[in-house]
2 protein chains.
Amino acid sequence: METPLHEQIAADLRRLISSGELPVGTPVPSESQLCAKWDASRGPVRQALATLRTEGMIGGGRGKPPVVRRQVLSQPFETFLSFSSWVHGLGRNPGQRTLEIARRPATAEIADELLLDEGEPVVQLLRLRLIDDTPTMLERTTFVEPVGRLLFDHDCDSGSIYAFLGGQGVDMSLARHLVDAVAADEADSELLGVAPGAPLLREQRRATGVDGMPVEYSDDRYRPELVGFAIENSQQAQPTLARNWRSAS
Amino acid sequence: METPLHEQIAADLRRLISSGELPVGTPVPSESQLCAKWDASRGPVRQALATLRTEGMIGGGRGKPPVVRRQVLSQPFETFLSFSSWVHGLGRNPGQRTLEIARRPATAEIADELLLDEGEPVVQLLRLRLIDDTPTMLERTTFVEPVGRLLFDHDCDSGSIYAFLGGQGVDMSLARHLVDAVAADEADSELLGVAPGAPLLREQRRATGVDGMPVEYSDDRYRPELVGFAIENSQQAQPTLARNWRSAS
């Protein structure tokens, strides 16, 4: 299925902005220029510009020519689980350093999240996630044992764990996310390169199968000057959800 | 239109949990008890329990009797704009202290958010929001002048500003929310009663009318030990969005 023209135009503009070819503050190419570049009518060009305006990437309106506002990039919520595929979609390089993978007894808190008994074995993963070599997020993930054990035979730094587990038939159809803020602890500080106590954006996530049984619980901490979450809603439509990335450059 | 029975049962359980009548760690009434109390069949009772499980308020499952997990309360995204109506829905008392309402020229940043020229007049509101007298959120809101001027004739501490503005015909149909974390500045620290530099959960919000023209831009900072945001998504359905409140007691 071919990507609709307005989405192609929007993706190209995002790429130009995120790469810095269109720096913040500069004018966006005019409708006429975009029509000529894409051999397109005004309709798809206007739709692409409206999309980027909604995403907060370009400003203008009320008759003013649009300008680049920020290098904020967003993704549809379908890829909310996978950091790797989100970063790939930005045209950036996702990186990951698995610092630890361990089988250990579930604490009371973890057992409660995963509907296990305290002391039942779980598999825990500590991973540092990077965008273009910049430490961006620290992930503390716990899997139920039958799922987590699959990771002992897998190179966790080779790509998306979720793509790997999905390929193994693991069902993670539903996810609940709790978003809040926490002060960086010692590990956060050392690995993310921030001061102890610095504010971090935290996402706690629990993924379950269609049967409602928990598969994974994760505590992910982001450097808030690099990543935010964007939500849109309206009185008419369902909200859409995106993770935003603020370029460090 | 009558509220469906399963929603009545769920609302009653939420009230019992949030009020502390069912403390964290205690068993939830059994299906049979709930059926008897509500003169209901198993269907609506199970649906109510499933809703509370999804919201993270009760645990259990895999054959274990459900127990109260936390006093986390959530609301549908329709009321995302209004702190007052959200808190009312929890059965708690919303409070507000308007600290300042001022007409002043828009800074470059605000002008950009509201699609104005720098220096055009805007109306800014600084409000402390409380739940049961506990300072919970500090709100820095800027309205375009034709909307903000309506507030000079209004008692901003008398209830929901959004309800008042809606009644005046102001259209705020669409909203974009950016969620991140920030360190408490001097004003945050003093008014919210947290240490300077403490992590706060921030929601930046821009509301527009159906014509896409911005009406309001706000920077809201929450004490993260009191409020979080919850998001649910699935591979099948649209995500739903809620604001969570963690009881301080």
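All values derive from a computational prediction rather than experimental measurement.

**Q** Teacher, can you tell me more about the overall build of chain A here?
**A** Counting its secondary structure elements, chain A contains 8 helices and 9 strands. Restricting the contact set of chain A to residue pairs at least 6 apart, pairs at least 24 apart contribute 56%. When the accessible surface of chain A is summed, it comes to about 10700 Å², and 52% of that surface belongs to carbon and sulfur atoms.

**Q** Got a minute to help me understand unusual backbone geometry in this structure?
**A** Excluding glycine, residues mostly have negative phi values, and the peptide bonds linking residues are mostly trans. We note that A:Leu115 has phi near 55°; this positive angle belongs to a residue other than glycine. Within the secondary structure, A:Leu115 is located in the loop between helix H5 (108-114) and strand S3 (121-131). The class for A:Leu115 is buried, based on a relative accessible area of 9%. Despite not being glycine, B:Asp133 has its phi angle at roughly 70°, a positive value. Mapped onto the elements, B:Asp133 comes out in the loop between strand S3 (121-131) and strand S4 (134-144). Taking the relative accessible area as the measure of exposure, B:Asp133 reaches 70% and is therefore exposed.

**Q** Sorry, what's going on with the pairing of S3(B) here?
**A** Working note: regular strand, side chains alternate between the two faces of the sheet. All names here are of chain B. By the criterion of burial, S3 is predominantly enclosed, with 9 of the 11 residues buried. In this structure, strand S2 (residues 94-105) lies alongside S3, joined through 11 bridges in antiparallel fashion. By the bridge assignment for S3, Arg-103 is matched with Val-123. Alignment of S3 against S4, held across 10 bridges, turns out to be antiparallel.

**Q** Would you mind going over the environment of B:Val147 with me for this structure?
**A** All names here are of chain B. By the secondary structure assignment, Val-147 is in helix H6 (residues 145-148). Sequence separation between Val-147 and Val-123 is 24 residues, and the spatial gap between their C-alpha atoms is 8.3 Å. Those residues in contact with Val-147 that lie beyond four places of it in its chain are Leu-165, Val-170 and Val-215.

**Q** What exactly am I supposed to notice about helix H1 (residues 5-18) of chain A here?
**A** Helical geometry: 3.6 residues make up each α-helical turn, so side chains three or four residues apart lie on a common side. Residue and element names in this part refer to chain A. For H1, built from 14 residues, the straight-helix expectation of 20 Å at 1.5 Å per residue is met to within 8% by its first-to-last C-alpha distance of 20 Å. Residues of H1 that are buried: His-6, Ile-9, Ala-10, Asp-12, Leu-13, Leu-16, Ile-17 and Ser-18. Positive phi appears at Gly-20, one or two residues downstream of H1, with a value of about 90°.

**Q** Got a minute to help me understand the confidence of the model for chain A in this structure?
**A** On average, residues of chain A carry a pLDDT of 83, and 83% of them reach 70 or more. Across residues 236-240 of chain A, where pLDDT falls below 50, the model places 16 contacts with residues more than four positions away in sequence or in other chains.

**Q** So what exactly am I meant to see when it comes to the packing of H1(A) against helix H2 (residues 31-38) of chain A here?
**A** Relative orientation and spacing of two packed helices are given, respectively, by the angle between their axes and the distance between those axes. Residue and element names in this part refer to chain A. The geometry of H1 relative to H2 is characterised by a closest axis approach of 12 Å and an angle of 110° between their N-to-C directions. With respect to each other, H1 and H2 are oriented roughly perpendicular. With respect to the hand of their crossing, H1 and H2 are arranged in right-handed fashion. Two secondary-structure elements touch here, H1 through Leu-5, Gln-8, Ile-9, Asp-12, Leu-13 and Leu-16 and H2 through Leu-34, Lys-37 and Trp-38. Of the residues assigned to the contact of H1 with H2, the class counts are 6 nonpolar, 1 polar and 2 charged.

**Q** Any chance you could explain the side chain of B:Arg221 here in plain terms?
**A** All names here are of chain B. By the secondary structure assignment, Arg-221 is in strand S7 (residues 214-222). Residue classification places Arg-221 among the buried residues on the basis of a relative accessible area of 10%. At 2.7 Å, the side chain of Arg-221 and the side chain of Asp-188 are in polar contact. The residues contacting Arg-221, other than those within four sequence positions of it, are Thr-136, Met-137, Leu-138, Arg-140, Val-182, Ala-183, Asp-185, Asp-188, Leu-192, Leu-200, Leu-201 and Arg-202.

**Q** Which parts of the structure should I look at to understand the nonpolar core?
**A** Taken as a class, soluble globular proteins show a tendency for nonpolar side chains to be buried jointly. Residues A:Val179, A:Leu201, B:Val179 and B:Leu201 are the most contacted members of the largest nonpolar core, which totals 26 residues. Breaking this core down by element, the ones donating at least two residues are helix H4 (83-89), strand S5 (174-183) and strand S8 (227-234) of chain A together with helix H4 (83-89), strand S5 (174-183) and strand S8 (227-234) of chain B.

**Q** What's the story with the side chain of B:Asp219 in this structure? I'm lost.
**A** Residues and elements named next belong to chain B. Residue placement: Asp-219 occurs in strand S7. Of the polar contacts made by the side chain of Asp-219, one reaches the side chain of Arg-202; its length is 3.2 Å. Among all residues touching Asp-219, those that are not within four sequence positions of it are Leu-138, Glu-139, Arg-140, Arg-202, Glu-203 and Gln-204.

**Q** How should the pattern of salt bridges be read in this particular structure?
**A** Side-chain pairing between opposite charges can occur once the charged atoms of the two side chains come close. A full pass over the atoms with the stated rule returns 38 salt bridges over all chains. B:Asp219 is paired through a salt bridge with B:Arg221; the nearest N and O atoms lie 2.9 Å apart. The same class applies to B:Asp219 and to B:Arg221, which are both buried. Linked by salt bridges that have partners in common, A:Arg140, A:Asp180, A:Asp185, A:Asp188, A:Arg202, A:Asp219 and A:Arg221 make up one network.

**Q** How should I be thinking about the environment of B:Ser19 in this particular structure?
**A** Within the secondary structure layout, B:Ser19 lies in the loop between helix H1 (5-18) and helix H2 (31-38). C-alpha separation for the pair B:Ser19 and B:Arg92, spaced 73 residues apart in sequence, amounts to 9.1 Å.

**Q** Please clarify how the environment of A:Ala102 should be interpreted in this entry.
**A** All names here are of chain A. Note that Ala-102 resides in strand S2 (residues 94-105). Sequence separation of Ala-102 and Arg-149 is 47 residues, and the distance between their C-alpha atoms is 9.6 Å. Ala-102 has contacts with Val-122, Val-123, Gln-124 and Phe-152, leaving out every residue within four places of it along the chain.

Conventions used here
- Residue indices follow the written sequence of each chain, beginning from 1 at its first position.
- All chains are assigned letters beginning with A, and all ligands numbers beginning with 1, in the order in which they are written.
- Residues qualify for local features only when their pLDDT is at least 70, as the model is predicted, and side-chain atom pairs are given and counted only at 80 or more; totals for whole chains, interfaces and linings, by contrast, use all residues.
- Water and hydrogen atoms were dropped before computing side-chain values, which therefore reflect all heavy atoms in the structure.
- Secondary structure elements are defined from DSSP: runs of H or I of at least 4 residues count as helices, runs of E of at least 2 residues count as strands, and each element is numbered from the N terminus.
- In this description, contact between two residues means that some pair of their heavy atoms is separated by no more than 4.5 Å.
- Residue-level accessible areas treat just the shown protein chains as cover; the underlying method is Shrake-Rupley with a 1.4 Å probe.
- Three labels apply to residues, based on accessible area from a 1.4 Å probe with only protein chains included: buried if under 20% of the type maximum, exposed if over 50%, partly exposed otherwise in between.
- One bridge is not enough; two strands pair if DSSP finds at least two bridges between them.
- To estimate how far a helix should extend, the number of its residues minus one is multiplied by 1.5 Å.
- A residue's pLDDT is simply how confident the predictor is in it, with values from 0 to 100.
- Inter-axis angles, ranging from 0 to 180 degrees, are taken between N-to-C directions of lines fitted to C-alpha atoms, where helices are fitted over the stretch in contact.
- Each angle is binned into one of four classes, with values under 35 degrees roughly parallel, values over 145 roughly antiparallel, values of 65 to 115 roughly perpendicular, and all other values oblique.
- Left-handed describes a crossing whose near helix is turned anticlockwise from the far helix through less than a right angle; right-handed describes the clockwise counterpart.
- For this scheme, ten residues count as nonpolar: Ala, Val, Leu, Ile, Met, Phe, Trp, Tyr, Cys and Pro. Four count as charged, namely Asp, Glu, Lys and Arg, and the remainder, Gly too, count as polar.
- Pairs of N or O atoms are called polar contacts if they sit within 3.5 Å, as long as, within protein, a hydrogen donor faces a hydrogen acceptor (for residues adjacent in sequence, only side-chain-to-side-chain pairs).
- Think of a nonpolar core as a cluster: buried Ala, Val, Leu, Ile, Met, Phe, Trp, Tyr and Cys residues, connected wherever their side-chain atoms sit within 4.5 Å.
- Any Lys or Arg side-chain nitrogen found within 4 Å of a carboxyl oxygen on Asp or Glu counts as a salt bridge.

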